[in-house]
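Reading the structure
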Amino acid sequence: MTISQMIITIILVIAATVLTRFLPYIIFREGKEIPGTVQYLGKVLAPAVFGLLIIYCLRNVNFAAGNHGVPEIISIAAVIALYQIKHDMLVPMAGGTVLYMILIRIM
């Protein structure tokens, strides 16, 4: 890439990021009712993404060999427990990741 192409790419990335950040506030102004479809997506999208992440993370785990997926199962249980305790997304994700990294090193 030439310098001018890099600058154009950076400008386009910045513009796309700003647009995606401000577009919901432009479309759904304060005082205007949010459509039912958008409310429904707001409720179901986060759990659906977590379900996809679990499937993606477990796709290459061989439960019949090695450590039989024990670190993965323990980490998933920890994420569920931490979410039940904190009702926050960051603590379970960070806790599960840290626990998983520790478990794969010691098992």
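One numbering rule holds for all chains: residues counted from 1, following each sequence as written. Per-residue local features are limited, in this predicted model, to residues with pLDDT of at least 70; the limit for side-chain atom pairs, both in listing and counting, is 80 or more; totals at the level of whole chains, interfaces and linings are taken over all residues. In computing side-chain properties, one takes all heavy atoms of the structure into account and sets aside hydrogens as well as water.

1. Remarks on the overall build of the chain
Using the following cut-off: Helix and strand definitions follow DSSP, with helices as H or I runs of at least four residues and strands as E runs of at least two, each counted in order from the N terminus. Only protein chains enter the accessibility calculation, which uses a 1.4 Å probe; a residue is then buried when its area is under 20% of its type maximum, exposed when over 50%, and partly exposed in between. Residue contacts follow a heavy-atom distance rule, with two residues in contact if any of their heavy atoms lie within 4.5 Å. Here the open area of atoms and residues is found with the Shrake-Rupley method and a 1.4 Å probe, where only the protein chains shown may cover a residue. The sign given to each residue is positive for Lys and Arg and negative for Asp and Glu; His and the chain ends receive no count. The atoms used to mark charge sites are NZ of Lys, CZ of Arg, CG of Asp and CD of Glu.
When helices and strands are tallied, the chain shows 4 helices and 0 strands. With the C-alpha coordinates of the chain rotated into their principal frame, the extents come out at 50 × 45 × 20 Å. Residue burial in the chain is summarised as follows: out of 107 residues, 8% are buried. Considering only residue pairs separated by 6 or more positions, the chain has 41% of its internal contacts joining residues 24 or more positions apart. Summed over its atoms, the accessible surface of the chain is roughly 8,800 Å², and 73% of this surface lies on carbon and sulfur atoms. For the chain, the distance from the average site of its 7 positive side-chain charges to the average site of its 4 negative ones is 6 Å.

2. Here's the deal with a nonpolar patch on the surface
So the rule is basically this: Only residues whose relative accessible area exceeds 30% and that form no salt bridge are eligible for patches; like-charged ones are grouped when within 9 Å, while nonpolar side chains (Val, Leu, Ile, Met, Phe, Trp, Tyr) are grouped when within 5 Å. Salt-bridge detection follows one rule: a side-chain nitrogen of Lys or Arg within 4 Å of a carboxyl oxygen of Asp or Glu.
A cluster of nonpolar side chains, namely Ile10, Ile14, Val18, Leu19, Phe22, Leu23, Tyr25, Ile26 and Ile27, defines an oily patch on the protein surface of about 900 Å² accessible area. Residue position: isoleucine 14 is located in helix α1 (residues 3-27).

3. Thoughts on the packing of aromatic side chains
Cut-off, in case you're wondering: Side-chain rings of Phe, Tyr and Trp (the six-membered ring for Trp) are treated as a pair once their centres are within 6.5 Å; stacked means planes under 30 degrees apart, edge-to-face means over 60, and tilted covers the remaining angles. Here, over-ring charges are defined by two tests on the NZ atom of lysine or the CZ atom of arginine: distance to the ring centre within 6 Å, and angle to the ring normal within 35 degrees.
Under the criterion given, the structure shown has 0 aromatic pairs. Arginine 59 extends its terminal NZ or CZ atom over the ring of tyrosine 56, reaching a point 4.0 Å from the ring centre.

4. A look at unusual backbone geometry
Even without a glycine there, the phi angle at histidine 68 is positive, about 60°. For histidine 68, the position within the fold is in the loop between α2 (36-58) and α3 (70-86). Relative accessible area serves as the criterion here: at 41%, histidine 68 is assigned to the partly exposed category. The phi dihedral of histidine 87 is positive, around 50°, even though this residue is not glycine. Locating histidine 87 in the fold gives a position in the loop between α3 and α4 (90-106).

5. What about α3?
Which entries qualify depends on this criterion: The span you would expect from a helix comes to 1.5 Å times its residue count less one. The arc under discussion is defined with respect to the helix axis, by the directions toward the C-beta atoms.
Compared with an ideal rise of 1.5 Å per residue, which puts 17 residues at 24 Å, α3 spans 24 Å between its outermost C-alpha atoms and is within 8% of the ideal. Pro71, Glu72, Ser75 and Ala78 are the residues of α3 that are buried. Axial view of α3: buried residues confined to an arc of 125°, hence all on one face. More than 90 degrees from the buried face of α3, the exposed residues found are Ile80 and Gln84. In this fold, the buried residues of α3 make contact with α2 and α4. Where α3 terminates, the next one or two residues include histidine 87, which has phi positive at roughly 50°.

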